[in-house]
Structure formats: structure tokens, C-alpha cells
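For reference, the chains in residue letters:
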Amino acid sequence: STYVSVNKEACIACGSCNSVAPDIFDLDDDGIAEVIYEGDKNQGITIISQDLQEELQEAIESCPTQCILLAEVPFA
Ligand code: F3S
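**Digging into the environment of Gln 57**
- Inspection of the secondary structure assignment puts Gln 57 in helix 2 (residues 53-62).
- Considered as a pair, Gln 57 and Ile 47 are ten residues apart in the sequence and their alpha carbons are 14 Å apart.

**Notes on the nonpolar core**
- Val 4, Val 6, Ile 24, Phe 25 and Ile 68 are the most contacted members of the largest nonpolar core, which has 19 residues in total.
- Within the residue set of this core, elements represented by two or more residues are strand 1 (3-6), strand 3 (33-35) and helix 2.
- The dominant element in this core, judged by the number of residues it contributes, is helix 2, at three residues.
- Apart from residues lying up to four places away in sequence, Val 4 is in contact with Ile 24, Phe 25, Val 35, Asp 40, Gly 44, Ile 48, Leu 56, Ile 68, Leu 69, Leu 70 and Phe 75.

**Let's talk about the pairing of strand 1**
- Side chains Tyr 3 and Ser 5 project from strand 1 onto one buried face, and the interleaved Val 4 and Val 6 project onto a second face that is buried too.
- Sheet analysis places strand 1 next to strand 4 (residues 68-71), joined by four bridges and oriented antiparallel. Bridging from a neighbouring strand, Val 6 pairs with Ile 68 of strand 4.

**Focus on the environment of Gly 15**
- Turning to its location among the elements, Gly 15 is positioned in the loop between strand 1 and helix 1 (16-20).
- Sequence spacing of Gly 15 and Ser 62 is 47 residues, and the spatial spacing of their C-alpha atoms is 9.7 Å.

Quick notes on the rules
Here the residue index of a chain counts from 1 through its sequence in written order. Local features in this predicted model are restricted to residues whose pLDDT is 70 or higher, and side-chain atom pairs enter the listing and the counts only when it is 80 or higher, whereas totals over whole chains, interfaces and linings include all residues. Only hydrogens and water are set aside when side-chain values are computed; all heavy atoms of the structure are taken into account. In this description a helix means any DSSP run of H or I spanning at least four residues, a strand means any run of E spanning at least two, and both kinds are numbered starting from the N terminus. We call a set of buried Ala, Val, Leu, Ile, Met, Phe, Trp, Tyr and Cys residues a nonpolar core when their side-chain atoms join them within 4.5 Å. Summary of the burial criterion: residues with accessible area below 20% of their type's maximum are buried, those above 50% are exposed, and those between are partly exposed, where the area comes from a 1.4 Å probe applied to protein chains only. Working rule for contacts: check all heavy atoms of both residues, and any pair within 4.5 Å makes them a contact. Two strands qualify as a pair provided that DSSP identifies no fewer than 2 bridges between them.

Dropping the structure here:
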């Protein structure tokens, strides 16, 4: 299983992750990305479903600052 969270301090608001994987990432009022999947609120405590793994990988690869963080265990 996979957990994901955005390091918002390193995000440069390019918006790519939201374009590639809108079910997982949204942009806040400053354009900084956050995980919104199933109400996660960027806590990284929600398992991303299997059918979204491809989108997730694409989003990670598309991020210019590599601030989308993955983990096998919850972030919080
Ligand atoms: Fe930010 Fe990377 Fe997304 S820079 S907007 S987390 S693609």
C-alpha cells in the first residue's frame, strides 16, 4: 500500500500534479499542491487505491521539485 504527501515548502506551484492526478492532488489558494484524496488534507494517512497508482506515478515524475513524497507507512 502507498501513502503520499506533498512537501508544501518545496512545491513551486507548477500545478502539474493536479493536472495529471486531480483525484489525488488539488491546489490551495496559493497554488501549492496538497493531497485531497478521500479528505486526507495532505496528512499522508490515506491509502491511495490501486487504480490510481499509475496516475500517482505520473504525477511524481511530472513534479519539477520532487516534493511529492511516498511512503509504505502513514506519515502521521
Ligand atoms: Fe507542486 Fe510538484 Fe505539484 S511543484 S504543484 S507538487 S507537481
